[in-house]
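Next come the chains, spelled out residue by residue.
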Amino acid sequence: MSGTSAALHPPADAVQPVRHPDAPAPGEPLGAHYGECFGCGGDQPHGLHLEARAGEGVSLTAEFTVQPAHQGAPGLAHGGVLASALDETLGSLNWLLRTIAVTGRLETDFVRPVPVGTTLHLEAEVTAVAGRKIYSTATGRVGGPDGPVAVRADALFIEVKVDHFVDHGRQEEIQAAMNDPDQVRRARAFEVNP
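Treat the numbers as computed from the prediction; the structure is a model and nothing was measured. (Residues numbered from 1 in each chain as written. Predicted model: local features only at pLDDT ≥ 70, side-chain atom pairs only at ≥ 80, totals over all residues. Heavy atoms only, no water.)

Asks: Help me understand the sheet that holds strand β4 (residues 119–130), please; the structure alone is not making it clear to me.
Replies: By definition, the strands of a sheet pair up through backbone hydrogen bonds, in either a parallel or an antiparallel sense. The 6 strands are arranged β1-β2-β4-β5-β6-β3 in an open sheet whose pairing can be described as antiparallel. If you trace the sheet from one side to the other, it starts and ends with β1 (51–54) and β3 (101–110), each paired once. Neighbour to neighbour, the strand axes of the sheet diverge by 20° on average, direction disregarded. Taken together, the 7 bridges between strand β2 (residues 59–65) and β4 define a ladder with antiparallel strand orientation. By the bridge assignment, Phe-64 is partnered in β4 with Leu-120. (Pairing = 2+ DSSP bridges. Helix = DSSP H or I, 4+ residues; strand = E, 2+ residues; numbered from the N terminus. Axes fitted to C-alpha atoms, helices over the stretch in contact; angles between N-to-C directions.)

Laid out in structure tokens, this is it:
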């Protein structure tokens, strides 16, 4: 990525990421981590409804189709929406590590416009881990998984405890998520929100 800040370069003592043994198998859909999530939740009428699938190692692929509600300039995706898609994709990688983490830094490059109606094909991978810091990168392409690059990002995620969400979230949503009888959904609800 051009111009990536020093904060997104892993330190010399960083290690290669290790996929958690209980992570979804390659090709398996990850599903929404929370129904109200703007990035992946099915309960958000104007959300991205991003769909991610586990890849090999600590990688994944994802897709979302730009809707009229996502435009900035007439007929083109808003840059903030594209950044959200990148952030959601990168954050979903933490499910493969089985680590609760939040976005610490996200740097994006906007390479070409993404028209409304276009499906953005995203690929992401964790590149290194250093203590609580998780380094990752993503690319979004138009016209197919091998199409031209439209957006790309580098990110730094910070591992946190579930208390981060309990202390900073709205009590009624936190309680509803914590009371979910589905253990996997309950755990996923707290995986990537800032």
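Asks: I tried to follow the side chain of Ser-5 on my own but got confused; where do I start?
Replies: Structurally, Ser-5 is set in the segment before β1. Given the relative accessible area of 18%, Ser-5 is considered buried. Separated by 3.1 Å, the side chains of Ser-5 and Arg-105 make a polar contact. Polar contacts involving the side chain of Ser-5 include one to the side chain of Glu-107, which spans 2.5 Å. The contacts of Ser-5, once residues within four sequence positions are left out, are Arg-105 and Glu-107. (Buried < 20%, exposed > 50% of the residue type's maximum accessible area, 1.4 Å probe, protein only. Polar contact = N/O pair within 3.5 Å; in protein donor to acceptor, adjacent residues only side chain to side chain. Contact = heavy atoms within 4.5 Å.)

Asks: Which parts of the structure should I look at to understand the environment of Ala-153?
Replies: Inspection of the secondary structure assignment puts Ala-153 in strand β6 (residues 149–159). The exposure class of Ala-153 is buried, given its relative accessible area of 1%. With 16 residues separating them in the primary sequence, Ala-153 and Thr-137 have C-alpha atoms 5.7 Å apart.

Asks: For this particular structure, what's the right way to read the nonpolar core?
Replies: Where a protein is soluble and globular, its nonpolar side chains tend to be buried together. With 36 residues, the main nonpolar core has Leu-50, Phe-64, Leu-90, Val-114 and Leu-120 as its most contacted residues. Put simply, the parts of the chain that give this core at least two residues each are β1, β2, α1 (79–92), α2 (94–97), β4, β5 (133–141) and β6. By size, the runner-up hydrophobic cluster in this structure holds 6 residues, among which are Leu-8, Ala-130, Leu-156 and Ile-158. (Core = buried A, V, L, I, M, F, W, Y, C linked by side-chain atoms within 4.5 Å.)

Asks: Explain the packing of aromatic side chains to me, please; I cannot follow it from the model alone.
Replies: Per the counting criterion, the structure on display carries 0 aromatic pairs. Positioned above the aromatic ring of Trp-95, the side-chain terminus of Arg-98 is 4.1 Å from the ring centre. (Phe/Tyr/Trp six-rings, centres within 6.5 Å; stacked < 30°, edge-to-face > 60°. Lys NZ or Arg CZ within 6 Å of the ring centre and 35° of its normal.)

Any functional reading would require information that these geometric values do not contain.
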